Structure formats: C-alpha cells, structure tokens
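# Inside the fold
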Amino acid sequence: MNHPLQILNEYYQPGDFIIGGIVSQFFMLSDSTLIKESRKMEPIITVTKNYQQVLALVFAVNEIKENPKIMPNVTLGFHIYDNYFDAKMTYQSTLNLLSSWNRPIPNFSCGIQKNLVAIIGTLDSETSLHVTSLLGLYRIPQVAYCFLNEKTHLPFLYQMVPNEGFQYKGIVQLLLHFQWIWVGIVAMDDDKGIHFMQTLMSVFSENGICTAFTKKLPTMISVFDLIYLIEYTKSMSLSLNMANVIVLSAHIQTVFALFGFIRLEKLENMALTAMNKVWILTAEWDFTSNMYQEGLDIQVFYGSLSFAIQSSELLEFQRFLQTLNPYDPKGDGFIKVFWEQAFNCSLPGSNTDEGDREHCTGMEKLESLPGPLFEMRMTGQGYSLQFLSYEEPLGITLAIWALSCLLISTLVLGIFINYRNTPIVKANNRDLTYSLLFSLLLCFLCSLLFIGHPHTVTCHLQQTTFCIIFSVAVSCVLAKTITVALAFIVTKPGSKIRKWLGKRLSISVVSACSLFEAGICIVWLCTAPPFLNLDTHSLIQEIIVECNDASAIMFYSAVGYMGFMAIVNFVVAFLVRKLPDSFNEAKLITFSMLVFCSVWISFIPTYMSTKGKYKVAVEIFSILASSMGILVCIFFPKCYIIMLRPELNCKDKLTKRQS
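Scope of this entry: the structure provided in the associated data block. (Residues numbered from 1 in each chain as written. Predicted model: local features only at pLDDT ≥ 70, side-chain atom pairs only at ≥ 80, totals over all residues. Heavy atoms only, no water.)

### A word on the sheet that holds strand 12 (residues 278-281)
Rule in force here: A strand pair is defined by DSSP finding two or more bridges across the two strands. Segments assigned H or I by DSSP are reported as helices when at least four residues long, segments assigned E as strands when at least two residues long, and all are numbered from the N terminus. Whether two residues are in contact is decided by their heavy atoms, any of which lying within 4.5 Å being enough. The convention used is that axes are lines fitted to C-alpha atoms, helices contributing only their stretch in contact, and that angles between N-to-C directions extend from 0 to 180 degrees.
Taking strand neighbours across the sheet as the criterion, the five strands line up as 10-9-11-12-13 in an open arrangement whose pairing is parallel. The open sheet has two free edges, formed respectively by strand 10 (210-217) and strand 13 (305-306), since each of these has just one partner strand. The sheet contacts of helix 5 (residues 191-206) involve strand 9 (182-188), strand 10 and strand 11 (245-248), and relative to strand 9 the element is tilted by about 160°.

Right, dumping it as structure tokens:
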C-alpha cells in the first residue's frame, strides 16, 4: 500500500468514546496528486472563519464532559481532521478516523484502538457523501451541517439543516416579492453546480421567472490555463451584462473562482461588470479568505442578499473563545496557522515568511477581528435587526425607570389631592399644580412609546406626543412663574394687574403655549410625517429598525420651541427668586429649569453622535431625566413639608415667615 498523504492539521483529545470531525479550514490550489511524493501538505489559503467549526465541536464535547448528568463514568473525546476542500483528502481523513493510530488501514487491529461512535461534518454536500460512503460500511453515523439534495436518503447520514429545497423556495419568494423576473444564474462547473442550475431553472419556470443566462465557473483544474481564463473572463463579462439580478451558488470553490474572475477583469483593465448588480447568495456564502480580499474591491458585493441558517446564540461559547492562546494549543493543530493568518503575526517555529510581521503575543483578542475573518457568534454572517427592545437589559432598565417615575408622580399627585385644602397646596394655583403633575405623569408614560418594535402608528405618535405633552408641562411651569411674578407686583399700592390673576391667566398661558406646539406638530405630520425605516448603512452587519423623523427641521423646531419656553422660564424665575418666603416657589422653578435646560442642551450633540437603539435610548433618558428634574425640584420640598413637617403647613407660619 502506498504511503498516504500526511495530514498536518488535526486536533485530538482522548476519551472512552471518540467523536470524529472533518472540517474545511485550509484550501489547496493545486491537485493533491502533485505532492504525493513529499507526503506533506502545506496549506495555501487559510479560511480563518471556518476555525469556528473546530472550536464549536471542542466546546460541545467539553460541555458534555463537564456535566456528570449526561455521561456519568464515561469520558468523551474527539479527533478532528482537515480535508483541505479536497475529495481525496476527505477519504484520507475518514480512513484515519476509522483506523488505528498511525496506520490508516481499516479492519486492522493493532495497538490502541479508537472507539469511534460518530463523525460530524462537513461543510459541503459532495464531501459529506464521500464520508458517508465509507462510514455506511461500518454502520457509523455521520451528522452533516450542509445542504443536501432533498432526494438524498442514506441510513447513517443525519442532516442538521433543512434540505436545499427550502432554499430554492426562499429564492423564488424573494425574487417574486421584488418582482425580479429576469435573472442570471452562476454556479461551479461540476456536478453540484449543474444540479443547482437545473433545479433552479425548473423552479423559476414554474413560477414565471425567466432565466437570462446560466454561467459555469471553471474548476480549479483549469485555473492554470491562462489563455482560457482570459477568454472566459470576456465571456463572463458579456453574460453579466444580460441581467441586473444574479443568483450565485455560493460554495467556497465558487467564491474563490468568482474572486479570481474579478481580479482578472481588473488586470485586463476591463470594466467591473459585477458592479451595480443585485447578488442573491445561498447560505454557504462567506467573505472567508483574507488573502483573496486583499487588494480586492469588495464593494462589488455591497447590498447583496444572502440566505442564512437560523440558529441560537450561546454566550458560554463566546467566553470559551476568550480563553484560547496559541502558545498553549493543547493538541490543537489548527490554532497556530489560524492565529498567524487572522492577526497577521508570526509564532515561533512558523514555516511562513515573517517579512514585516510582528511576533504574536498571544494576547490578541478574537473579538477584535472583523466578521469576515472570524465570528464570535454562532448566528452566521447575516444581518440582524436592531431596535430598542423590552427583552434586552437596556430596554428593561429604561422601562423600569419610566414606570418607577410614573409611580412616584402618581403618589405625589395623590398626596397633593389628599392635602388639597392645606396652604402649601393652595398657594400658587392649585389647579395649575394638578395640571403640571398630570402632564409629568404622561411624560413618563410617553417614553414607553420609544421602546419595542416600531410601527407606522408609533412612529407618528412618538415625537409628536412627546412634544405636545412636554409643552403642556413646561407651559404649566411658565404659568406658575408668571403667577409668582404678578402676585408680588399686585401687592404694591395702585397695581392694576390684579384683574389678570387667577384661572384666566393660567388657562391662557397654558393653552396658547401648548396650541403653538401642537400647530408645529400638525404641520410636521401633514408635510413630512415620520415613517418606519430600515437603516442598512449606519452599522456594520446591523439593520436598524427605526422611526425616521423625515424632517430634521420640524424635529428641531418642536424641540427648540420647548427649549425657548424653558429658557424664558429660567430667566423669569431667576429674576424673582428673592421674593418673600411665601412666594419662594420661584427658587424651586429656577432649579428645575436649570436641570431641564442642562439635560436638553447636552441632548443635542449626544443625539446627533449616536446610532441605532442607543440614539433612541438617549432621547428616552432625556425625557425621563428632565421630567424627573421638574418633579423633584418643585414638588419634593413641598412633599417633605406636607408629610414630615406638617407644623410648617399652616397659614400662620407662612404669614409669620413673610413678616
């Protein structure tokens, strides 16, 4: 028997039972038969992102081992090999797992035996079938996490993702939704690619979608035929010009071939025909190779639509990733090459050309790597929708704060109603006090409109409701300030302003100020109403579900008007703050407006510099902080006298203090 190829990259951990793993992290451009004599393979391209598959298996086995309730008195181990995206190496790795140590000869028992119970892998349907063709002979199950033909039924092959038939249906639904019915198809020139094209064309025909062209990308065997590739590049450019929407069977080989085609287009000074196209990519898609991305204008694929397999997040997995160290591999034959490629550094004993690379410290952080190189999450490379939710800590915290303030304002209102006939409540217009407390209660309540998934109705209500309710609250404070100022003036002999005091003045001030703000909001809703928007540009790999204000002028006009009223409030209250003690509510109003203005002045730059859900959180914080500032500064001192110093809450005491 010929000496087998030596697989350099493996990861072993002993156990009573062994879980085998076959992964695809290193990619060989050359045919493996060309290097048989050396019996040694050096990885050419490192698909750094696929290292997560190795770590996921290691993490899962360790979790099982650490839980005595799952497999008591039995240890579970693993043995992981790389197949280098190659069919021959897939067979070699499978034989290694089936055989005893150091001798890949099945059915030969000598030395320590592996107790292989299952194999997990691979990324590709073709290599999965290679594996199961051997495993079926030994009745060993294989768990595959790749898309398989819906007609594939093998007794020992278990599929962990939906069959590819669901993906075809998803592609058709997407095309029909956007009414894209003139579509091109690109796939690899192999059995897998041909099956993809034939199946998709049939599904397109059944749903009234026309196939503009089909294009097969050349296999790696023909990569070295430069003349053929140049001619093929010209042919590919002509095909891509035939449609604006292209469906790509995005297997890893297809991705590499497509990148190579785009590179040749640039070298030949041809216009990038892949630009300004809508690419629809199957779930295997990834910008996985750092080497291929260097110098490549990846904006070709900006705005592409990619299918992804739905999965749940594991926070424990992220904590496990943070413990990795290339200087302590613990049998991991993948980590050193991964670390060097991902962080562009060199480790001792490395076979790579160091060049200008710095030495790896081992303290590099995986979370600092961009998503195309490595994912800390298990939820794939797809976009996730972001909005401020009641199910996340930030949303829960703000909601609890709002409800707490709502409860406090309700208690304060209850206290003032219960002690409505006492001098401190009757002073400075009792009805105005009730109106102010009720408007503050609504202010706390309206902040909840900003939390949760936005809809068209909530988008219309959020800013307008907040502005109108807040203007009522600020105008109530302004009416109280004017009342304090005029009340002192009318005590002077010969004053003619006495007739303006009372409910008429309060109602006039509150109504006029509030109606003006309401007018701004009505104009806003009639000319440029806020709308539900999906922001795909502000954050990488995040789609922000937000309410777009539509008109920045109207938004800042509404907020600016409230700011103007608050400044007038502050100035008037400051000027009359030294009136006699019985009129000292002006001092409380001064402090409340100082807090109010400070909050909203700091709001503007903060609001403009934040994005996503944090932008919404800033506005909620400002609403709650400014409202709480008014409540605390104006009403807490009075509640203190009512509840804890009732002896001061009498007319004689107030008159005595005034004299």
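### A look at the environment of Ser 508
Considering the arrangement of structural elements, one finds Ser 508 in helix 15 (residues 503-527). For the pair Ser 508 and Ala 479, spaced 29 residues apart in the sequence, the C-alpha separation amounts to 8.8 Å.

### Some details on the side chain of Gln 25
Residue placement: Gln 25 occurs in the loop between strand 2 (17-23) and strand 3 (26-27). Among residues more than four places away in sequence, those in contact with Gln 25 are Ile 45, Thr 46, Val 47, Asn 50, Tyr 51, Val 54, Asp 82, Phe 85, Phe 334 and Phe 338.

### Examining the sheet that holds strand 7 (residues 142-144)
Sheets are built from strands paired through backbone hydrogen bonds, the pairs being either parallel or antiparallel. Strands sit in the order 1-5-2-6-7-8 across an open sheet of six strands; the sheet is mixed. Strands at the two margins of the open sheet, each flanked by one partner only, are strand 1 (10-13) and strand 8 (157-159). Each neighbouring strand pair of the sheet contributes to a mean axis angle of 20°, computed without reference to strand direction. In terms of strand pairing, strand 1 meets strand 5 (residues 76-82) through four bridges, oriented antiparallel. Residue pairing in the sheet places Tyr 11 in a bridge with Ile 80 of strand 5. Packed on one face of the sheet, helix 1 (residues 51-65) meets strand 1, strand 2, strand 5 and strand 6 (116-120) and runs near 175° to strand 5. The strands touched by helix 2 (residues 87-98) within the sheet are strand 2, strand 5 and strand 6, with strand 2 carrying the most contacts at an inclination of about 175°.

### Points about the packing of helix 13 (residues 430-446) against helix 18 (residues 613-644)
Operational definition: Roughly parallel covers angles under 35 degrees, roughly antiparallel covers those over 145, roughly perpendicular covers 65 to 115, and oblique covers all other angles. Helix crossings are classified by the rotation of the near helix relative to the far one: an anticlockwise turn of less than a right angle makes the crossing left-handed, while a clockwise turn makes it right-handed. Residues are grouped as follows: Ala, Val, Leu, Ile, Met, Phe, Trp, Tyr, Cys and Pro are nonpolar; Asp, Glu, Lys and Arg are charged; every other residue, Gly included, is polar.
Orientation of helix 13 relative to helix 18, taken along the N-to-C sense of each, is 155°, at an axis distance of 9 Å. It follows that helix 13 is roughly antiparallel to helix 18 by the angle criterion. Relative to helix 18, helix 13 is oriented so that their crossing is left-handed. Contacts from Thr 433, Leu 436, Leu 437, Leu 440, Cys 443 and Phe 444 in helix 13 reach Ile 623, Leu 624, Ser 627, Met 628, Ile 630, Leu 631, Ile 634 and Phe 635 in helix 18. Here the contact of helix 13 with helix 18 is built from residues that sort into twelve nonpolar, two polar and no charged.

### Re the state of the cysteines
Worth spelling out the cut-off: A pair of sulfur atoms, both from cysteines and within 2.5 Å, is called a disulfide here.
Taken as a whole and assessed by the stated rule, the structure comprises two disulfides. Between Cys 459 and Cys 547 runs a disulfide, and the two sulfur atoms are separated by 2.0 Å. One disulfide, between Cys 459 and Cys 547, carries an S-S torsion of -80° and so falls in the left-handed class. Highlighted residues: Cys 459 in helix 14 (residues 456-490) and Cys 547 in strand 18 (residues 542-548), separated in sequence by 88 residues. Going through the protein in sequence order and numbering each bonded cysteine, the pairs you get are 1-2, 3-4. Free cysteine: Cys 446, not disulfide-bonded; nearest cysteine sulfur from Cys 443 at 5.6 Å.

### Quick word on the packing of aromatic side chains
What counts, and what does not: Whether two aromatic rings pair depends on their centres lying within 6.5 Å, for rings of Phe, Tyr and Trp, where Trp uses its six-membered ring; planes under 30 degrees apart make the pair stacked, over 60 edge-to-face, and the rest tilted. For every residue, the accessible area (1.4 Å probe, protein chains only) is compared with the maximum for its type, and the residue is labelled buried under 20%, exposed over 50%, or partly exposed between those bounds. The rule for a charge over a ring is simple: NZ of Lys or CZ of Arg within 6 Å of the ring centre, and within 35 degrees of the ring normal.
Enumeration according to the criterion identifies 25 aromatic pairs in this entry. Here the aromatic rings of Phe 570 and Phe 574 are separated by 6.1 Å at their centres, their planes lie at 25°, and the arrangement is stacked. Remark: Phe 574 and Phe 570 occur in helix 16 (residues 552-575); sequence separation between them is four residues, near one turn of the helix. Judged by its relative accessible area of 25%, Phe 570 falls in the partly exposed class. Owing to a relative accessible area of 37%, Phe 574 belongs among the partly exposed residues under this scheme. Between Phe 596 and Trp 600, the ring centres sit 6.4 Å apart and the planes meet at 45°, which makes this aromatic pair tilted. You can see Phe 596 and its partner Trp 600 sitting in helix 17 (residues 585-609), four residues apart, about one turn around the helix. Since its relative accessible area comes to 9%, Trp 600 is described here as buried. The ring of Tyr 607 has Lys 615 sitting right over it, with the charged end atom 4.8 Å from the ring centre.

By themselves these figures say nothing about function.
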